[in-house]
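Survey of secondary and tertiary structure
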Amino acid sequence: MGSTRDTMLPQVPPEVRDSLSAFQFDSTRRQIPILHGIALTNVLIVDFVLWHDGQPVGAYAWTPIIALFSLWRLMLWRRRNHRERPSLEIIRRQLEGTHVAALASVGLVSAFTVLTFLMGGFGHPILIPVSFAFGTFSIAHCLASLRRTSVAVLVIGIAPSGIAMLAAGDFTERAIAFSMLTVAALKIGFLRDSQRHIIGMLTLEKQIRDLATFDPLTGLHNRRAFEEAVEARIAGGSARTRDRFALALVDLDDFKGINDTHGHHAGDAVLKAVAGRLKEHAGGDGTAGRLGGDEFIAMLPAPPARSALDGRMTALVTRLCLPAAIDSGVVPVGASLGFAVFPDDADSYDGLVRLADQALYAAKRDGKGRALGRRTPPVLEKSRAA
């Protein structure tokens, strides 16, 4: 049952839902001129034929409302076209508005089409159904990225007219109705495949971005992405982005011995455990990264008082030095940490890294398993776990 549902209705992975909404918004925005141009053309054609056929103006006097609506949407599009993409909340609200507007307008014209066909009274009974069918197919194509909307447009726009023509039409009209319904069914299948293709493309793009941003073993930011995050915070113009922060370098002590004694799978387990602890300690206001091998880096909030910062760094290295679980039990973990503070110690990424690196090697010279900062006296208690 689950596989059948996935085949008929491609499921959207949670990790690409935001990207899909943005893609749908951009695609729909590009198609708006064509969409409303189609609506205007169809309304003008139908109105001209009805007028030429001598039909009472009152029978179709309401149709210019659709033309005016299309003109208004076109002018609105021209004003918004060059603006930056709005927030996801606004995007989703506008996409839902597009869905409602499309179904309401297509439903109204569909009812008019069925009514005029069944009532007859003019010399071109299939003109309006055929013209509206072409318009419906075009609208569904323009809204192809919005699969729910485009399928609903096809059903509401084609099915009522097709059924009416099959029930009350002559042989030619029934043949045309059968063709309309068949093409609509094929179009729905195309929309399903198109949605699957879009989801696959967005998933692949996310995977590529993740490979360029995150370390595949630990899930932390890689060196380049971490540096960009720090540079962005340093360059930020707001008060929040220029708050003090500490840049901490972490190096695992005697990590080679874990690989030699327990195997590389145990070493990987230790790296993952340390990465998880570092990421948890960084929290939502910080960022953690892996420089490579057994070296990590983190951007952490810095308390105003230096003593409080020293205490936080000591607590962090104590946490990092807790034993790590492996398949055969647990292994001891050792870590040393050096840190520098922005903007107290340096006002650039390179400067912070250089000073934190000096503090890190000072911590290792002083016996490992401790945290030292640029201005921290080397008297912090040793924190390595037994």
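Residues numbered from 1 in each chain as written. Predicted model: local features only at pLDDT ≥ 70, side-chain atom pairs only at ≥ 80, totals over all residues. Heavy atoms only, no water.

1. Overview of the pattern of salt bridges
- In the structure shown here, the tally under the stated rule is 17 salt bridges.
- Among the ionic pairs, Asp 254 bridges to Lys 368, the shortest N-O distance being 3.2 Å. Of this pair, Asp 254 sits in the loop between strand 1 (245–253) and helix 10 (255–262) while Lys 368 sits in the loop between helix 13 (349–365) and strand 7 (371–373); the two residues are 114 residues apart in sequence, bridging distant segments of the chain.
- For Lys 368, a relative accessible area of 26% translates into the label partly exposed.
- For Asp 310, the salt bridge is made with Arg 306, and the minimal N-O distance between the two is 3.9 Å. Here the residue Asp 310 and the residue Arg 306 both occupy positions in helix 12 (residues 306–320), the gap between them amounting to 4 residues, near one helical turn.
- Via salt bridges that share partners, Arg 192, Asp 193 and Arg 196 belong to a single interconnected network. (Salt bridge = Lys/Arg side-chain N within 4 Å of Asp/Glu carboxyl O. Helix = DSSP H or I, 4+ residues; strand = E, 2+ residues; numbered from the N terminus. Buried < 20%, exposed > 50% of the residue type's maximum accessible area, 1.4 Å probe, protein only.)

2. Here we look at the packing of helix 5 (residues 88–119) against helix 6 (residues 127–142)
- Packing of helix 5 against helix 6 leaves a shortest axis separation of 10 Å and a crossing angle of 160°. By the angle between their directions, the pair helix 5 and helix 6 is classed as roughly antiparallel. Pair helix 5 / helix 6 crosses with left-handed handedness. On helix 6, the residues that touch Val 106, Val 109, Ser 110, Phe 112, Thr 113, Thr 116 and Phe 117 of helix 5 are Ile 128, Pro 129, Phe 132 and Ile 139.
- Tallied by class, residues from the contact of helix 5 with helix 6 come to 8 nonpolar, 3 polar and no charged. (Axes fitted to C-alpha atoms, helices over the stretch in contact; angles between N-to-C directions. Parallel < 35°, antiparallel > 145°, perpendicular 65-115°, else oblique. Left-handed = near helix turned anticlockwise from the far one by under 90°. Contact = heavy atoms within 4.5 Å. Nonpolar A, V, L, I, M, F, W, Y, C, P; charged D, E, K, R; others polar.)

3. Considering the nonpolar core
- Counting residues in each nonpolar core, the largest one holds 34 residues, and the members touching the most others are Leu 252, Val 270, Phe 296, Met 313 and Leu 337.
- Contributing elements (two or more residues each) for this core: strand 1, helix 10, helix 11 (264–282), strand 3 (295–301), helix 12, strand 4 (324–326) and strand 6 (334–342).
- Per element, the largest residue contribution to this core is 7 residues, and it comes from helix 11.
- Residues contacting Leu 252, with those up to four places away along its chain left out, are Val 270, Leu 271, Val 274, Asp 294, Phe 296, Gly 334, Ala 335 and Lys 364.
- Grouped together as the second largest cluster of nonpolar side chains are 19 residues, Ile 38, Ile 91, Leu 95 and Val 109 included. (Core = buried A, V, L, I, M, F, W, Y, C linked by side-chain atoms within 4.5 Å.)

4. Things to note about the confidence of the model for the chain
- Across the chain, the average pLDDT comes to 85, with 90% of residues at or above 70.
- pLDDT under 50 marks residues 377–386. Its contacts with residues more than four places away, or in other chains, come to 27 contacts. (pLDDT = per-residue confidence, 0-100.)

5. Considering empty space enclosed by the protein
- On inspection of all chains with the given rule, the structure shows 1 cavity of 30 Å³ or more.
- Taken together, 31 residues make up the lining of the largest cavity; nearest its centre are Ala 39, Ile 66, Ser 105, Val 106 and Ile 139.
- Looking at the lining of the largest cavity, the elements that each hand over two or more residues are helix 2 (17–52), helix 4 (64–80), helix 5 and helix 6.
- Top element by residues in the lining of the largest cavity is helix 2. It accounts for 10 residues. (1 Å grid on protein atoms, 1.4 Å probe; cavity = no way out; pocket = protein on both sides within 12 Å on 5 of 7 lines; lining within 4 Å. Points joined across faces, edges and corners; volume = space filled by probe spheres on them.)

6. With respect to the side chain of Asp 251
- Mapped onto the secondary structure, Asp 251 falls in strand 1.
- A polar side-chain atom of Asp 251 sits 2.8 Å from a polar atom in the side chain of Lys 364.
- Those residues within four positions of Asp 251 in sequence are excluded, and the remaining contacts are Asp 294, Glu 295, Gly 334, Ala 335, Ser 336, Leu 360 and Lys 364. (Polar contact = N/O pair within 3.5 Å; in protein donor to acceptor, adjacent residues only side chain to side chain.)

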